[in-house]
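Below are the chains, spelled out letter by letter.
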Amino acid sequence: MQLNSLQNDRAAGVLVALAAGDALGAGYEFGEPLADEAEVAMKGGGPFGFAPAEWTDDTAMAIAIAESVVDGADALWTPMDTATLSAIVSRWITWARTSKDVGAQTRAVLTSVTRLQEQDEHRSLAESAFTAAAELHRRSGRSGGNGSLMRNAPIALAYLGAEPEVLRDAAAKVSQLTHFDPDAGEACALWCLAIRHAVLTGELDVRVGLRTLDEKRAELWLSRIETAESALPRDFDRNGWVVQAFQGAWSAISSTKVIGVGPAHLRAALEACVRGGRDTDTVAAIAGGLLGAAYGFSAVPFEWRRRLHGWPGHRTSDLMTLGLQLARGNGRTPGVWPDVEYFDNSAFIAADQTDVVAHPVDDGVLLGGAPALNRNDYDAVVSLSRIGTADAMKVPEEDRASFWLLDEASPGKNAHLKFVLDDAASAVQTFRAEGKRVLLHCVRMESRTPTVAALYGALVSGLSPLQSLEKVREVLPNAHPNEAFMRVLQSRDER
Ligand SMILES: [Mg+2]
């Protein structure tokens, strides 16, 4: 689907924020609720001993869905076909072999799938999964765990342009692979419809899918939503149940709205999920999928994106790529950014462009254009323009900071402009504090690079941002930040 730049930012943010919530909650799983002011960090640990910033089953299972859909040759926005559903189950089985934290219900279903396959090898994996999930429900009388809602966000991206009912059915179908209970299917449908609405409009509205349910179920879910809005995440202490996980996530989002919209809300809401206790990573992963859809990749702080990693050996950039590919709906598309080895900026670079200059207040920071990525004399890179997967390969991925920033002055091109510019300046400061030599670059170092260089200069020198920009202009005479960037620098001067 053809998306505008803000919608692309939001599509790219869904899996990144889901994983950020997951990794943030991983170290607190099954714990008691925390005080409102308790610090929450991506510390790892928890009952399954995760590494700091490592995501858990929630993101892993979502990645399995995302990759199966991107690799499937499904016609766009048509019902999920058996081949794609089977590919999802197959990836889950592979993941479960080595995972330390497969949920009880999912484990039971995947084990039965293997048994059913042994009995009849002609049966599809999807068919075996539906059968196993239904049997489990019949045997135990319940199958409404939160394990399908936590992983379902990719379905929303894959159906951005579909009729709401088609998305509702696809979300429910993927849920039913392991979770037969209608509560689980409906929760997935409602959350996916809210995610899609958020990607397309930037609005957070969990009621948007209610009209796709029959009247009685819609009434029930409306009362559940209203209960969530009048409570706090810690009130939903049975959040292993899909309904309370849904309510806990929505209550975290709605109770932190006072903060305002954008990156601050995203952070506050995910922290509130974790402070709510019990199944912290799952509630935060659920909330993260929706918050990322509403606020975008650009709203997730670099501090959280930096070391995010997990099964199957992915990092933040892979999640961003998957999100964009799902939303575009035409497969893996190698050669189309972000799935390119080297990003070609040659059309925008003048032959006489200087390679790099040292930052006027800190010579451990090099200011450069895109060609400077080829140099060998930096340990960390802060990219303000698009780069390829092999650009800057000489530094480890955690020392590569990429920001979603267009050199555009018109409103509606960059979301959260002040936040992104400040976050980039603070990434430079973080790397410098670690003793690293930093390359700060965009394409031509005329607008983006001088703006962030001025903010960084102000951070470390005590100069105002405009004074700092004058210093930058001494080494970069062509520096002319666009009007929107200048307004950010000026607003800082007035403070
Ligand atoms: Mg988990």
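On a predicted model such as this, the values are computed, not experimentally measured, just so you know.

Caption draft 1: Focus on the overall build of the chain. From N to C terminus, the chain includes 18 helices and seven strands. The C-alpha atoms of the chain give a radius of gyration of 23 Å, which matches the 23 Å a tight globule of 495 residues would have. In terms of its C-alpha atoms, the chain occupies a principal-axis envelope of roughly 75 × 45 × 40 Å. For the chain, contacts bridging at least 24 residues in sequence account for 69% of all contacts bridging at least 6.

Caption draft 2: Structural detail: helix α7 (residues 164-176). The end-to-end C-alpha distance of α7, which contains 13 residues, comes to 18 Å, matching closely the 18 Å that a straight helix rising 1.5 Å per residue would cover. Regarding α7, the residues found buried are Leu167, Arg168, Ala170, Ala171, Ala172, Val174, Ser175 and Gln176. Among the structural elements, α2 (57-71), α3 (82-98), α5 (125-140), α6 (153-158) and α8 (182-201) are those in contact with the buried residues of α7.

Caption draft 3: Spotlight on the sheet that holds strand β6 (residues 400-402). One open sheet holds the five strands; their spatial order is β3-β4-β7-β5-β6, and the pairing between them is mixed. Sheet topology places β3 (356-359) and β6 at the edges, where each strand pairs with a single neighbour. This sheet shows a mean twist of 25 degrees between the axes of neighbouring strands, independent of strand direction. Bridge count for strand β5 (residues 380-383) against strand β7 (residues 438-441) is four bridges, and the pairing is parallel. The residue bridging Val382 from the neighbouring strand is Leu440, located in β7.

Caption draft 4: Focus on the domain arrangement of the chain. Partitioning the chain into structural domains gives domain 1 (5-328) and domain 2 (346-494). Relative to domain 2, the C-alpha centre of domain 1 lies at a distance of 35 Å. Contacts between domain 1 and domain 2 engage 14 residues on the former and 13 residues on the latter. Sorting elements by how many residues they give to the side of domain 1 that touches domain 2 places helix α1 (residues 5-26) first, with three residues. Residues belonging to the side of domain 1 that touches domain 2 are distributed by class as follows: six nonpolar, four polar and four charged.

Caption draft 5: Spotlight on the pairing of β5. The side-chain alternation of β5 yields two buried faces, one formed by Ala380 and Val382 and the other by Val381 and Ser383. Direction of pairing for β5 relative to β6: parallel, over a ladder of three bridges. Bridge pairing links Val381 to Arg400 in β6.

Caption draft 6: Layout of the nonpolar core. In this structure, Trp191, Ile195, Ala287 and Leu290 are the most contacted members of the largest nonpolar core, which totals 159 residues. Here this core gathers at least three residues from each of two domains, domain 1 (5-328) and domain 2 (346-494). Dropping the residues within four chain positions of it, Ile195 is found in contact with Val14, Ala153, Ala156, Gly289, Leu290 and Ala293.

Caption draft 7: Quick look at the environment of Arg151. As for its placement among the helices and strands, Arg151 is situated in the loop between α5 and α6. As a C-alpha pair, Arg151 and Ile286 span 135 residues in sequence and 7.7 Å in three-dimensional space. The residues touching Arg151, leaving out its near neighbours within four places in the chain, are Asp58, Met61, Ala62 and Ile65.

Caption draft 8: Region of interest: the packing of α3 against helix α4 (residues 104-119). Following both chains from N to C, one finds α3 and α4 inclined at 110 degrees, their axes separated by 11 Å at the closest point. Regarding the angle of α3 to α4, the classification is roughly perpendicular. Between α3 and α4, the residues in contact are Val89, Trp92, Ile93 and Ala96 and Arg107, Leu110 and Val113, respectively. Of the residues in the contact of α3 with α4, the class split is six nonpolar, no polar and one charged.

Caption draft 9: Structural context of the environment of Gly288. Among the structural elements, Gly288 can be located in helix α12 (residues 280-295). Residue Gly288 is classed as buried on the basis of its 35 C-beta neighbours within 10 Å. In the structure, Gly288 is positioned 22 residues away from Leu266 in sequence and 7.7 Å away in space, judged by C-alpha atoms.

Caption draft 10: Up close: unusual backbone geometry. The omega torsion across Trp311 and Pro312 is 0 degrees, close enough to zero to call that bond cis. With respect to the helices, strands and loops of the structure, Pro312 is situated in the loop between β1 (309-310) and β2 (314-315). Of note, the amide linkage connecting Trp337 to Pro338 takes the cis form, showing an omega dihedral of 10 degrees. The topology assignment puts Pro338 in the loop between α14 (316-328) and β3. With a phi angle near 65 degrees, Ala53 is a residue other than glycine that sits in the positive phi range. Phi at His416 takes a positive value of approximately 55 degrees, unusual for a residue other than glycine.

Caption draft 11: Seen up close, α2. In this model α2 runs 21 Å from its N-terminal to its C-terminal C-alpha over 15 residues, within 8% of the 21 Å that 1.5 Å per residue would give. Most of α2 sits out of view: 14 of its 15 residues are buried.

Caption draft 12: The arrangement of the packing of α7 against α8 in detail. Where α7 contacts α8, the two axes come as close as 8 Å, and the packing angle between them is 135 degrees. Here α7 is positioned oblique relative to α8, judged by the angle of their axes. In this structure, α7 meets α8 at a crossing whose hand is right-handed. Residues Pro164, Leu167, Arg168, Ala171, Ala172, Ser175 and Gln176 of α7 form the contact with α8, whose participating residues are Ala184, Gly185, Cys188, Ala189, Cys192, Leu193 and Arg196. The residue makeup of the contact of α7 with α8, split by class, is nine nonpolar, three polar and two charged.

Caption draft 13: Fine view of the environment of Gly185. Looking at the secondary structure, you find Gly185 in helix α8. We classify Gly185 as buried; it has 24 C-beta atoms within 10 Å. Along the primary structure Gly185 and Ala172 are separated by 13 residues, whereas in three dimensions their C-alpha atoms are 4.1 Å apart. With residues up to four places along the chain from it excluded, the contact list for Gly185 reads Ala172, Ser175 and Gln176.

Caption draft 14: Focus on the pairing of β3. The pairing of β3 with strand β4 (residues 362-368) spans four bridges and is classified as antiparallel. Paired with Val356 across the two strands is Gly368, which belongs to β4. In this structure, the hairpin formed by β3 and β4 is closed by a connection of two residues.

Thresholds, definitions, all that
Residues numbered from 1 in each chain as written. Predicted model: local features only at pLDDT ≥ 70, side-chain atom pairs only at ≥ 80, totals over all residues. Helix = DSSP H or I, 4+ residues; strand = E, 2+ residues; numbered from the N terminus. Rg over C-alpha atoms; globule rule 2.2 N^0.38 Å. Contact = placed C-beta atoms within 7 Å. Expected span 1.5 Å × (residues − 1). Buried ≥ 20, exposed ≤ 12 C-beta atoms within 10 Å, placed from the backbone. Pairing = 2+ DSSP bridges. Axes fitted to C-alpha atoms, helices over the stretch in contact; angles between N-to-C directions. Domains from an automatic or database assignment. Nonpolar A, V, L, I, M, F, W, Y, C, P; charged D, E, K, R; others polar. Core = buried A, V, L, I, M, F, W, Y, C linked by C-beta atoms within 7 Å. Parallel < 35°, antiparallel > 145°, perpendicular 65-115°, else oblique. Left-handed = near helix turned anticlockwise from the far one by under 90°.

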